[in-house]
Amino acid sequence: MTKTFETGYTALRGVQLEIAPQRFVALVGPSGCGKSTTLALVAGLDAPSGGTVSVRGKPVDGITDSVGFLFQRDALLPWKTVRDNVMLPLQLRGVAGAQARERTADWIDRVGLRGFEGAYPYQLSGGMRKRVALAQTLVYDPEILLMDEPFSALDVQTRNLMEAEVLGLWQGSGKTVMFVTHDLEEAIALADEVVVMTAGPGRVKARYDVPLPRPRDIEQVRFDPRFTELYRAMWDDMRDEVLESYARARQAG
Ligand code: ADP
Ligand code: MG
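Residues numbered from 1 in each chain as written. Chains lettered and ligands numbered in written order. Predicted model: local features only at pLDDT ≥ 70, side-chain atom pairs only at ≥ 80, totals over all residues. Heavy atoms only, no water.

This brings us to empty space enclosed by the protein. Scanning the entire structure with this criterion turns up one cavity of 30 Å³ or more. Leu134, Leu138, Leu145, Met147, Val166, Leu169, Trp170 and Lys175 are the residues that line the largest cavity. Of all the secondary structure elements, the ones that give two or more residues to the lining of the largest cavity are helix H4 (126–138), strand S7 (144–148) and helix H5 (156–170). By residue number, the principal contributor to the lining of the largest cavity is H5, which donates three residues. Looking at side-chain class alone, the lining of the largest cavity contains seven nonpolar, no polar and one charged residues. (1 Å grid on protein atoms, 1.4 Å probe; cavity = no way out; pocket = protein on both sides within 12 Å on 5 of 7 lines; lining within 4 Å. Points joined across faces, edges and corners; volume = space filled by probe spheres on them. Helix = DSSP H or I, 4+ residues; strand = E, 2+ residues; numbered from the N terminus. Nonpolar A, V, L, I, M, F, W, Y, C, P; charged D, E, K, R; others polar.)

Around ligand 1, the structure places Phe5, Thr7, Tyr9, Ala11, Ser31, Gly32, Cys33, Gly34, Lys35, Ser36 and Thr37. Gly32 is positioned with one of its backbone polar atoms (N or O) 2.7 Å from an oxygen atom of ligand 1. Here an oxygen atom of ligand 1 sits 3.0 Å away from a polar atom, N or O, in the main chain of Gly34. For ligand 1, the accessible surface in isolation is 570 Å², of which the surrounding protein chains cover 62%. (Near = heavy atom within 4 Å. Polar contact = N/O pair within 3.5 Å; in protein donor to acceptor, adjacent residues only side chain to side chain. Areas by Shrake-Rupley, 256 points an atom, 1.4 Å probe, with all protein chains shown as cover.)

Looking now at the pairing of strand S10 (residues 204–209). Of the strand pairs in this sheet, strand S9 (residues 193–197) and S10 are connected by five bridges, and their pairing is antiparallel. Note that in S10 the partner of Val194 across the bridge is Tyr208. (Pairing = 2+ DSSP bridges.)

This paragraph deals with the domain arrangement of the protein chain. Along its sequence, the protein chain is carved into domain 1 (1–66 + 150–253) and domain 2 (76–142). Computed over C-alpha atoms, the centres of domain 1 and domain 2 are 26 Å apart. Across the contact, 11 residues belong to domain 1 and 11 residues belong to domain 2. With both sides pooled, the region where domain 1 packs onto domain 2 buries about 930 Å², and carbon together with sulfur makes up 67% of that total. When the area that domain 1 buries against domain 2 is broken down by residue, the three leading residues are Met162, Leu169 and Lys175, summing to 51%. Between the two partners, domain 1 and domain 2, sit two salt bridges. (Domains from an automatic or database assignment. Contact = heavy atoms within 4.5 Å. Buried area = accessible area lost by both parts, 1.4 Å probe. Salt bridge = Lys/Arg side-chain N within 4 Å of Asp/Glu carboxyl O.)

Okay, the packing of aromatic side chains next. For the structure shown, the criterion picks out four aromatic pairs. Judged by centre distance (6.0 Å) and plane angle (35°), the ring pair of Phe24 and Phe179 falls under tilted. Of the two residues, Phe24 sits in strand S3 (residues 24–28) while Phe179 sits in strand S8 (residues 176–180), which places them 155 residues apart along the sequence. For Phe24, a relative accessible area of 0% corresponds to the buried category. (Phe/Tyr/Trp six-rings, centres within 6.5 Å; stacked < 30°, edge-to-face > 60°. Buried < 20%, exposed > 50% of the residue type's maximum accessible area, 1.4 Å probe, protein only.)

Shown next as structure tokens:
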């Protein structure tokens, strides 16, 4: 597929990518290469200008059902408590009463926030807010998870904790994940497969299987020799794209 915006700028050109169900796939590439645009097209928030985007064999038409989104900036409502924030997506989908309350309590528990049900977002740390956002995304049980640099604003320790949390929740869930990051290490540590994109207009430059066993220890896995080997190969692919994207940014002023 191809995406040209109203401004005339082509962000994606001839992207060809197929993702098998239940896979954890990371999308990496330099800033501005079209990663967020790709997720928006899968989610149905925007439409391609050429080609097709299909989910479960059907062309995307409007907001894709069964997709959950996690952004770098969370979308918590500041005037609602943790409980009410997590319950909101259920209410929007018409799930109410005891069932909604039970599922909400279960997810607050699963992301490790028991005891904070009545807290407001401003009372929480960055990591805790992420946990609320994660519960809010998973509470309605979407089949596909789209994550757009969800942890890049967190400090390294919190980030490692959140990555481990995501892997734990995903493992055995049967969900398909598209995880966007500009961090190669994060991509390798988490994913079954890493897709490297070119500098804009984005295309798929290379795909790598990550043959590291699961369950993975998010910190230990980085010391695996296969990790280092993959990192080197991918960085070779990515370096040119990053330099290219820097050069263009400088030209643009
Ligand atoms: P990434 O997420 O990889 O950093 P994006 O997908 O956000 O990149 O953007 C890709 C390119 O498309 C960027 O150059 C961006 O400025 C441009 N772009 C994104 N959205 C729009 C839009 N609505 N109109 C015009 N250009 C856009
Ligand atoms: Mg982006």
